[in-house]
Each structure stands twice: as C-alpha cells, then as structure tokens.
Amino acid sequence: MSNTSLQLTNGEIFSTMMEMQHEQMVFCTDKTTGLKAIIAIHNTTLGPALGGTRFWNYTNEDDAIIDVLRLSRGMTYKAAISGLNLGGGKAVIIGDSKALANREPLFRRYGKFVNSLNGKYITAEDVGTSTGDMEYINMETDYVAGKPEQLGGGGDPSPVTAYGVYLGMKAAAKYANGTDNLKGKKILVQGVGNVGYHLVERLVKEEAIVMISDISEDRIKKVTQEHHVQVIDKDAIFETDMDIYAPCALGATINDETIGKLKCNIVAGAANNQLKDEQKHGMALIERGILYAPDYLINAGGLINCYSELEGYNRERAMQKTEIIYPRALEIFEIAAKEKITTQAAANRIAEERIRLVAHINSRL
Ligand code: NAD
C-alpha cells in the first residue's frame, strides 16, 4: 500500500482496479435527488467491507474515483491490522454537502443503493456526512454503522480513537525509551478537535508536559480552560522542542519541508496519512532516529467502535478491543527494525499476511 499520488486517465478504471486489487466498484445515480455516488469494495476476505461515505465537492470525476479507490484500500489494511473480521470499502458522494439543505431524499435513495449490496458493504460517517445522515440511510438499510446512541449506535467515536492513539503512543515510548510512562514527556498535540481533545485529557492525567496547537481559538480556549497546557503557535510547531509529536489535525504534515526540523524522537497521532510520501518520508524518519507509529493502526479506534456496533454496542467492549493497538504496535516496531523497513511497511506486511492466511482457511472445507 502506498500513499504516493495515484493517477487515473480516462478509460483506465479497470486496470487501476486490477492494479490496486479491488473487487468491485458501484456507480449510483438518481436524477430526482441529484445523487452521484461511488461505492468501492476493495477486499472482503475478512468480512463485509466497512467504510464511511465521504460527501465532497470533487473538481472532477477522476478525482472522486481515485479517492474512493485509495480510501477503500486503506480500510482493508486498517481492519486487517486491527484484528477485525471486516473487509475494506468506502463510498463517495459527489457534491457540496454544506449546500444540501433537504438531506432526507438523497440519503434515503443512497441507503437503497447500499441495501442493494446485501451487506457486502456497510457504510458509516465520514467527512461531509453526519450521524443525522446515517439515520436517513438507516431508514432504508440495516447496513449502516456510526449511528447515534439512541438508535443503538456507538455515538461519537473520538474518545475511542483517542484511547487507541494514546496506547499507540505508549507502545512507541516503550519501544524507544524502555518505559511507556509518559510522565514528564513533552508532547505536542497538533489539532485539539474531537480526537485531540480526548487525547490531551489522557496525557494531562498521566502528568505529561502537554503543548497544544490549533487554528481555532475556540478549541484552544476549551482546552486551556480545562487543563494546564502550553499553547504553541501553529507556525512554530517545527521549531519547538518535544519528545513526541502527535499530529491530530491534517495529513501530510511530515514532508520534505518539515522532516529536517522535527525535534522529537516519536511521532504518534490520529491524523490520516501523516507521511506525505509513505516510503520516502518513512525512511527519512528512520535516518533521523524518529520512531513513527503507523497512523492507520493507532487511529483504528474509530473503526473498532463501528465494528462493536455490529455486535450490539457496548462502549466498554469497544475500548477493550482497542487495546490490541499496544501489542500490535510493538510487533510492528520489532519487525521494522529487524527487516530494516519502515514501520508503515511492517504494518502493511502484517495486514497482508493476515488476509492471505484467512483466504487460505476460507478455501478449505
Ligand atoms: P476535528 O475536525 O474535530 O479536529 C481537527 C482539529 O484540527 C480542529 O480543531 C482544527 O481547527 C484543527 N486544525 C486544522 N488545521 C490545523 C493546523 N494547521 N494546525 C493546527 N490545528 C489545525 O477532527 P478529529 O475528528 O479530531 O480528527 C482529527 C484527525 O484524526 C483527522 O485527520 C481525522 O481524519 C483523523 N481520524 C479521526 C477519527 C475520529 O474518530 N474522529 C478516527 C480516525 C482518524
């Protein structure tokens, strides 16, 4: 699995799907509601393909196809590494989510399309969709997770995601420093939104020296009112001395410009796709002696939360299942060091091996 730019030129959908090993892609349209959606199913060896529906105003259809192919493949790896019996899938709806005032018709129509796949794909929230939208989808299909608590859902997944990030960070500290105690460690949390906020809470409780940065004054105010933390200007992050950098805002913050400046020995955060180029920047971190906790493993709490919903939701059990992240991260660090590969490559290897073995078992009587 690689992060580096994928491209699709007209007429190359099948060869791109073959290359990325997708099983199926479904194009859905509806003139009355204006629905234009694509559902991509990457791999269902481990179970039904679960992944959110992103509602985004793509500049062109190729971009939407590339995004759904890339994101659905990422879900296969995330489920596999987290030990879940789930495959990888994702969907995109093309359009301006904020401009859609009457959401019921479009999401119910979309729910019918999801239902037509008979459970091969299970949808959930993503950028541009909300729990309210999931309720509309749920009127037409049971194959939806990320529902509000009053509908038997798991509610806000961010506390579970934050718990996983915290455990991944502790595993990295254990591997790099010989102890997973974060007391006195200088930790910078970039982005104190849903996940960052809950992560800060755990770190403060463990008596880490917590620094935060956010572009939103409101978010900073909320955290500083509740906790003793130092605020770092968003442009001063890479000039700041720290032990652990926790990106919890945007992707690609580890890139050619920032990598030489980073003053830490661990990177462990919630943001997706933290390395601009998985291989290049993963290797550059190794050269700089910085341990990278693979994003898609340590932020898997949100997916684990959705999975728990399918079994009859129980937050305690979701938290417990999230604890797999700690030993899994240690296993990854050991393989990466032994094989002299990036931690992301080691994670990919474990995920692929699990899928290969389960496919083998499935082929037996
Ligand atoms: P969020 O939108 O609630 O929070 C992101 C925060 O980052 C916001 O407060 C925003 O103001 C801030 N921000 C944006 N640009 C910034 C910048 N340049 N510098 C500093 N702060 C900046 O999102 P979230 O739900 O907390 O998710 C955070 C990250 O984790 C995202 O990348 C998301 O994809 C990923 N993630 C989230 C979950 C989950 O359960 N919410 C699960 C897996 C992955």
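Residues numbered from 1 in each chain as written. Predicted model: local features only at pLDDT ≥ 70, side-chain atom pairs only at ≥ 80, totals over all residues. Heavy atoms only, no water.

Enquirer: Mind showing me how you'd approach the overall build of the protein here?
Expert: Of regular secondary structure, the protein possesses 13 helices and 12 strands. Relative to the 2.2 N^0.38 estimate, which gives 21 Å for 365 residues, the radius of gyration of the protein is 20 Å and therefore close to what a compact globule would have. With 365 residues in all, the protein has 55% of them scored as buried. Of the charged side chains in the protein, 40 are positive and 46 negative; the average position of the first set lies 3 Å away from that of the second. (Helix = DSSP H or I, 4+ residues; strand = E, 2+ residues; numbered from the N terminus. Rg over C-alpha atoms; globule rule 2.2 N^0.38 Å. Buried < 20%, exposed > 50% of the residue type's maximum accessible area, 1.4 Å probe, protein only. Lys, Arg positive; Asp, Glu negative; His and termini not counted. Charge placed at Lys NZ, Arg CZ, Asp CG, Glu CD.)

Enquirer: How should I be thinking about the pairing of strand β1 (residues 24-30) in this particular structure?
Expert: Successive residues of a regular strand alternate their side chains across the two faces of the sheet. Alignment of β1 against strand β2 (residues 35-43), held across seven bridges, turns out to be antiparallel. Each bridged residue has a counterpart across the sheet, and for C28 the counterpart in β2 is A37. With antiparallel pairing between neighbouring strands as the criterion, β1 and β2 make up a hairpin whose turn holds four residues, including G34 at a positive phi of roughly 80°. (Pairing = 2+ DSSP bridges.)

Enquirer: Explain the domain arrangement of the protein to me, please; I cannot follow it from the model alone.
Expert: When the parts come together, some accessible area is lost, and that loss is often what is quoted as the size of the interface. Assigned domains within the protein: domain 1 (13-76 + 87-151) and domain 2 (158-300 + 327-350). Using only C-alpha atoms to locate each centre, domain 1 and domain 2 end up separated by 29 Å. (Domains from an automatic or database assignment.)

Enquirer: Honestly, the site of the ligand in this entry has me stumped. Any pointers?
Expert: By nearness alone, 20 residues border the ligand, and T161, N194, V195, D214 and A249 come closest of all. Residue A270 places a main-chain N or O atom 3.3 Å away from an oxygen atom belonging to the ligand. In the model, an oxygen atom of the ligand is placed 3.1 Å from a nitrogen or oxygen of the N272 side chain. Summarising the interface, the protein chains cover 73% of the accessible area of the ligand, which totals 830 Å² for the free molecule. Within the residue set of the shell around the ligand, elements represented by two or more residues are α5 (158-177) and α6 (194-205). Among the residues forming the shell around the ligand, the class breakdown is eight nonpolar, 10 polar and two charged. (Near = heavy atom within 4 Å. Polar contact = N/O pair within 3.5 Å; in protein donor to acceptor, adjacent residues only side chain to side chain. Areas by Shrake-Rupley, 256 points an atom, 1.4 Å probe, with all protein chains shown as cover. Nonpolar A, V, L, I, M, F, W, Y, C, P; charged D, E, K, R; others polar.)

Enquirer: Would you explain the pattern of salt bridges in this entry?
Expert: Summed over the entire model, instances satisfying the criterion amount to 19 salt bridges. For D180, the salt bridge identified is with K170, shortest N-O distance 3.9 Å. Taken together, the positions of D180 in the loop between α5 and β7 (186-190) and K170 in helix α5 put the pair 10 residues apart, joining distant regions of the chain. Exposure remark for D180: the relative accessible area of 24% places this residue in the partly exposed category. (Salt bridge = Lys/Arg side-chain N within 4 Å of Asp/Glu carboxyl O.)

Enquirer: So what exactly am I meant to see when it comes to the packing of aromatic side chains here?
Expert: In this description, a pair of aromatic rings is defined by centroid distance and the angle of the planes. For the coordinates displayed, the defined rule picks out four aromatic pairs. Between the aromatic rings of Y77 and Y296, the centroid separation amounts to 6.4 Å while the plane-to-plane angle is 85°, which identifies the pairing as edge-to-face. Of the two residues, Y77 is situated in helix α2 (residues 61-81) and Y296 in helix α9 (residues 295-298); the sequence distance between them amounts to 219 residues. Of the two residues, Y77 and Y296, both sit in the buried class. Just above the ring of Y197 sits the side chain of K222; from NZ or CZ to the centre is 4.6 Å. (Phe/Tyr/Trp six-rings, centres within 6.5 Å; stacked < 30°, edge-to-face > 60°. Lys NZ or Arg CZ within 6 Å of the ring centre and 35° of its normal.)

Enquirer: Even after reading the chapter, I still don't get the sheet that holds strand β10 (residues 244-247), so can you show me in this structure?
Expert: Remark on secondary structure: sheet strands pair via backbone hydrogen bonds, oriented parallel or antiparallel. Read from one edge to the other, the open sheet built from six strands follows the order β9-β8-β7-β10-β11-β12, with strand pairing classed as parallel. Edge positions in the open sheet fall to β9 (230-231) and β12 (291-292), since each of these has one partner strand only. Bridging between strand β11 (residues 266-267) and β12 involves two bridges; their strand directions are parallel. Paired with I266 across the two strands is L291, which belongs to β12.

Enquirer: Got a minute to help me understand the environment of Q274 in this structure?
Expert: Mapped onto the fold, Q274 is located in the loop between β11 and α8 (278-287). A relative accessible area of 0% places Q274 in the buried class. Remark: the alpha-carbon pair of Q274 and A249, spanning 25 residues in sequence, is separated by 9.5 Å. When neighbours within four sequence positions are excluded, Q274 is seen to be in contact with P247, A252, T253, I254, V267, G269, Y292 and D295. (Contact = heavy atoms within 4.5 Å.)

Enquirer: Explain helix α10 (residues 301-310) here, please?
Expert: Working note: α-helix, 3.6 residues per turn, so residues spaced by three or four point in the same direction. α10 sits mainly inside the fold: nine of its 10 residues count as buried. Looking only at α10, the buried set comprises G301, G302, L303, I304, N305, C306, Y307, S308 and E309. At its buried positions, α10 is contacted by β3 (49-50), α2, α5, α11 (315-322) and α12 (325-339). Where α10 ends, the next residue or the one after it, G312, has phi of about 100°, a positive value.

Enquirer: Mind showing me how you'd approach α5 here?
Expert: When the terminal C-alpha atoms of α5 are compared, their 28 Å separation across 20 residues agrees well with the 28 Å that a helix rising 1.5 Å per residue should span. With 16 of 20 residues buried, α5 lies mostly within the body of the structure. A positive phi of about 85° marks G178, the residue just after α5. (Expected span 1.5 Å × (residues − 1).)

Enquirer: Before we go on, may I ask you to explain unusual backbone geometry in this structure?
Expert: Trans peptide bonds make up the majority, and among non-glycine residues the majority have a negative phi. A positive phi angle is found at E207, which is not glycine, with a value near 65°. Following the sequence through the fold, E207 ends up in the loop between α6 and β8 (209-213). On the basis of relative accessible area, E207 is assigned to the partly exposed category, the value being 47%.

Enquirer: Help me understand the side chain of D30 in this model?
Expert: By the element assignment, D30 lies in strand β1. You can call D30 buried: its relative accessible area is 17%. Of the polar contacts made by the side chain of D30, one reaches the side chain of R109; its length is 3.2 Å. Those residues in contact with D30, other than ones at most four positions away along the chain, are L35 and R109.

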